[in-house]
Amino acid sequence: MGQLVNWQSIDTVLLDMDGTILDLAFDNYFWLEFLPQKYAEKNQLSLEESKLFLANSYGAIEGKLQWYCLDFWSERLQLDIAALKYSIKEKVAFRPGAIEFLEFLLEQKKHVYLVTNAHPKSLEIKLLNVSFHQYFKDLSSSHSFGYPKEEQSYWLLLQKKYQFDLKRTLFVDDSVKILKSAEQFGIKHLLGIAQPDMGKGIIDTAPFDSISDFKKIIYND
């Protein structure tokens, strides 16, 4: 494999949070195991019935801003989603090489921004358990723009806010759909994450190059 990133051509780095710098295992566990159990207990359902209901509910609005909104799900399910997430916050963890990568970007004096679809309450919970705000010029939730990263309106507002050069910006995300949205907007340097959930297997990020450990692009090996 050739050099994935030519750092001399990069001024700005936009980084996703869940599945990119943080292990997606936390969110997968919460939404696919922990929440179904709590919903089943509250509504006197079997775990299988609860999982089916939630899977259908998730699928109906996947990729829309509501899908990422803790307040929406709290109202929809009549459960305090933020409090439930907070109760298992110790499960939040960095992905391999994430801290080393953030320190590397700091040393390289890149303009680094966290750009996440996560709800502000979810971002706050993550920061309570793993500290990373000091590595970024700013942390932004798509909820502050009113659009998720899947939509072009998001990128228009983000670029207006941060004034980054599309040709000299690297965007890293674990979602192929979101990477395609960034590509459509014109961001030149794009990179996927091969294993967002470290407890699961490799995912296909084609047509985008991907990494499983950030050390690969620190040292370009």
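What comes next is a walk through the structure. Note that the structure is a prediction, hence the values are computed from the model and not measured.

## Quick look at helix H6 (residues 120-129)
Part 1: Every buried residue of H6 is accounted for by Ser 122, Leu 123, Ile 125 and Lys 126. All buried residues of H6 fall inside an arc of 160° around its axis, so they share one side. What points out from H6, more than 90 degrees from its buried face, is the exposed set Glu 124 and Leu 128.
Part 2: Considering only its buried residues, H6 is in contact with helix H1 (25-43), helix H3 (70-77), helix H4 (81-87), strand E2 (111-116) and strand E3 (138-141).

## Structural notes on the packing of H1 against H3
Part 1: Between H1 and H3, the least distance of the axes is 12 Å, while the angle of their chain directions is 30°. Here H3 runs roughly parallel to H1, going by the angle between their axes. Seen from H1, the contacting residues are Trp 31, Leu 35, Tyr 39 and Lys 42; seen from H3, they are Leu 70, Trp 73 and Leu 77.
Part 2: In terms of residue class, the contact of H1 with H3 is made up of 6 nonpolar, no polar and 1 charged.

## Describing the environment of Gln 163
Part 1: You can see Gln 163 is positioned in the loop between helix H7 (152-162) and strand E4 (169-172).
Part 2: Look at Gln 163 and you get exposed, because its relative accessible area is 58%.
Part 3: Along the backbone, Gln 163 and Thr 12 are 151 residues apart, and their C-alpha atoms lie at a distance of 9.9 Å.
Part 4: There is a polar contact of 2.8 Å between the side chain of Gln 163 and the backbone oxygen of Lys 160.

## Quick word on the pairing of strand E5 (residues 189-193)
On a regular strand, each side chain points to the face opposite its neighbour's, so the side chains alternate between the two faces of the sheet.
Part 1: Counting buried positions along E5 gives 5 out of 5 residues, so the element sits mostly inside the fold.
Part 2: Across the two faces of E5 the burial is the same, with His 189, Leu 191 and Ile 193 and Leu 190 and Gly 192 all buried.
Part 3: Between the parallel pair E4 and E5, the chain is carried across by helix H8 (residues 176-185), and the sense of this crossover is right-handed.

Rules used throughout
- Residues numbered from 1 in each chain as written.
- Predicted model: local features only at pLDDT ≥ 70, side-chain atom pairs only at ≥ 80, totals over all residues.
- Heavy atoms only, no water.
- Buried < 20%, exposed > 50% of the residue type's maximum accessible area, 1.4 Å probe, protein only.
- Helix = DSSP H or I, 4+ residues; strand = E, 2+ residues; numbered from the N terminus.
- Arc of directions from axis to C-beta.
- Contact = heavy atoms within 4.5 Å.
- Axes fitted to C-alpha atoms, helices over the stretch in contact; angles between N-to-C directions.
- Parallel < 35°, antiparallel > 145°, perpendicular 65-115°, else oblique.
- Nonpolar A, V, L, I, M, F, W, Y, C, P; charged D, E, K, R; others polar.
- Polar contact = N/O pair within 3.5 Å; in protein donor to acceptor, adjacent residues only side chain to side chain.
- Right-handed = clockwise from strand over helix to strand, strands pointing away.

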